[in-house]
Amino acid sequence: MLLLASLLVPTAIAEPLPPACSMIALSDTVPAPGAVDVPLDARPAVVFSDGCFGGDGWLVALTLAEDASEVAIVTAGLDDLATTLLVEVFPAEDLIPDTAYVLELTPDDGAGELVSVGFTTGTELVVGLTGEPVLSVQYAQYAAKDGEIEVSWSVKAATDPDVLSVLQLRDAEGDRGIQSFVVPASGATERTLIWRDPVRPTEVCPQVRQIDGAGVATEWSEPVCTQVAGCGGCAAGEGAGVGIFGVVAGLGMLVRRRGTSMWRA
């Protein structure tokens, strides 16, 4: 039976945080847990949830499932995780055909749980994207109570036959960081994200880009500028980065470990 787990790393905080504030935590991965026929030159990637604090230190390893031997990798994104919410793992050499691998992430402070996500390679290389992602914004509103801008958006992603791509959104008019989202296998991506600002802006101007399975990104799209409506003292709704997604793990299993303990379903 597959195990469904929320991935949350407990972190002590010195001061109370607003109710909508959450912790940075692992949200999703590509390849998807249990994926098969993964291209030999694929770069695994890990997307994290947005948050106000914690969870910014992780150790990443890629191993062969058969004997747990480590694969040489170059990891991009760990140093600015709070800004991009994306870690990309580039193997030094192409992966071995028809072979099972495990991507492992461990909080480097030892306070959390190790997460293992398995996948199996095929025999082909990354095909890449066809076209460009197209962004639409449904609304943007400001919650004065929490100092948060809630932006509802959808993206029709570029075609990705590898099912390994990641969308990134940023505000062209303000330094609000980048939020990252795994592209679903089919259909548009529809989410609500939260940007924080002590003062209500007149407008926000989101842009999108898409990163393919080899780590190659499209250009940022033209900004889609949208007026920011006010909602007085209301609390902004939960954005895409609020709350932790359950992840079903690879090799038919997600394993959570603390020390030598192990839980399986």
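Treat the numbers as computed from the prediction; the structure is a model and nothing was measured. (Residues numbered from 1 in each chain as written. Predicted model: local features only at pLDDT ≥ 70, side-chain atom pairs only at ≥ 80, totals over all residues. Heavy atoms only, no water.)

Colleague: Got a minute to help me understand the sheet that holds strand β6 (residues 86-91) in this structure?
Modeller: By definition, the strands of a sheet pair up through backbone hydrogen bonds, in either a parallel or an antiparallel sense. Strands sit in the order β2-β3-β6-β5 across an open sheet of four strands; the sheet is antiparallel. Strand pairing shows two members of the sheet lacking a second neighbour, β2 (26-30) and β5 (73-76), which therefore form its edges. Averaged over all neighbouring strand pairs, the angle between strand axes comes to 15°, with direction disregarded. Bridge count between strand β3 (residues 45-48) and β6: three bridges; the pairing is antiparallel. Note on β6: the bridge partner recorded for A45 is E88. (Pairing = 2+ DSSP bridges. Helix = DSSP H or I, 4+ residues; strand = E, 2+ residues; numbered from the N terminus. Axes fitted to C-alpha atoms, helices over the stretch in contact; angles between N-to-C directions.)

Colleague: I keep staring at the side chain of T63 and nothing clicks. Help me out?
Modeller: Topologically, T63 is positioned in strand β4 (residues 58-64). For T63, the contacting residues outside a window of four places in its chain are A68, S69, E70, V71, Y101 and V102. (Contact = heavy atoms within 4.5 Å.)

Colleague: Quick question: what am I supposed to make of the environment of R200 here?
Modeller: Here R200 is to be found in the loop between β13 (189-196) and β14 (203-204). Classification of R200 by relative accessible area gives partly exposed; the value is 46%. Distance in space between the C-alpha atoms of R200 and G230 is 7.7 Å, their sequence separation being 30 residues. When residues no more than four places from it in sequence are discounted, the contact partners of R200 are Y142, V228, A229 and G230. (Buried < 20%, exposed > 50% of the residue type's maximum accessible area, 1.4 Å probe, protein only.)

Colleague: Explain unusual backbone geometry here, please?
Modeller: Most peptide bonds take the trans configuration, and most residues that are not glycine carry a negative phi. Along the chain, V30 connects to P31 via a cis peptide bond; the corresponding omega equals 0°. Note on placement: P31 falls in the loop between β2 and β3. Located in the positive-phi region is D98, a residue other than glycine, with phi close to 50°. Residue position: D98 is located in the loop between β6 and β7 (100-107).

Colleague: How do you make sense of the state of the cysteines when you look at a structure like this?
Modeller: Should the sulfur atoms of two cysteines be covalently bonded, the bond is a disulfide. Going through the model one piece at a time under the given rule, you end up with one disulfide. Disulfide pairing is shown between C205 and C225; the S-S distance is 2.1 Å. Disulfide C205-C225: torsion about the S-S bond near 110°, hence right-handed. Of the two residues, C205 sits in the loop between β14 and β15 (206-211) while C225 sits in the loop between β15 and β16 (226-227), which places them 20 residues apart along the sequence. Assessed through its relative accessible area of 0%, C205 is described here as buried. By relative accessible area, C225 is classed as partly exposed at 43%. (Disulfide = S-S within 2.5 Å.)

Colleague: So what exactly am I meant to see when it comes to the sheet that holds β15 here?
Modeller: Ordered in space as β12-β11-β15, the three strands form an open sheet in which the pairing is antiparallel. Both edges of this open sheet fall to β12 (178-182) and β15, since each of them pairs with a single strand only. Neighbour-to-neighbour, the strand axes of the sheet open up by a mean angle of 25°, direction not taken into account. The sheet contact formed by strand β11 (residues 166-171) and β12 spans five bridges and is antiparallel.

Colleague: Quick question: what am I supposed to make of the pattern of salt bridges here?
Modeller: Two side chains with opposite charge may pair up if their charged atoms get near one another. Tallied over the entire structure, the rule returns four salt bridges. For R176, the salt bridge goes to D171, with nearest N and O atoms at 2.7 Å. Residue D171 is classed as buried on the basis of its relative accessible area, which comes to 3%. Overlapping salt bridges, with partners in common, bring together D171, R176 and D197 in one network. (Salt bridge = Lys/Arg side-chain N within 4 Å of Asp/Glu carboxyl O.)

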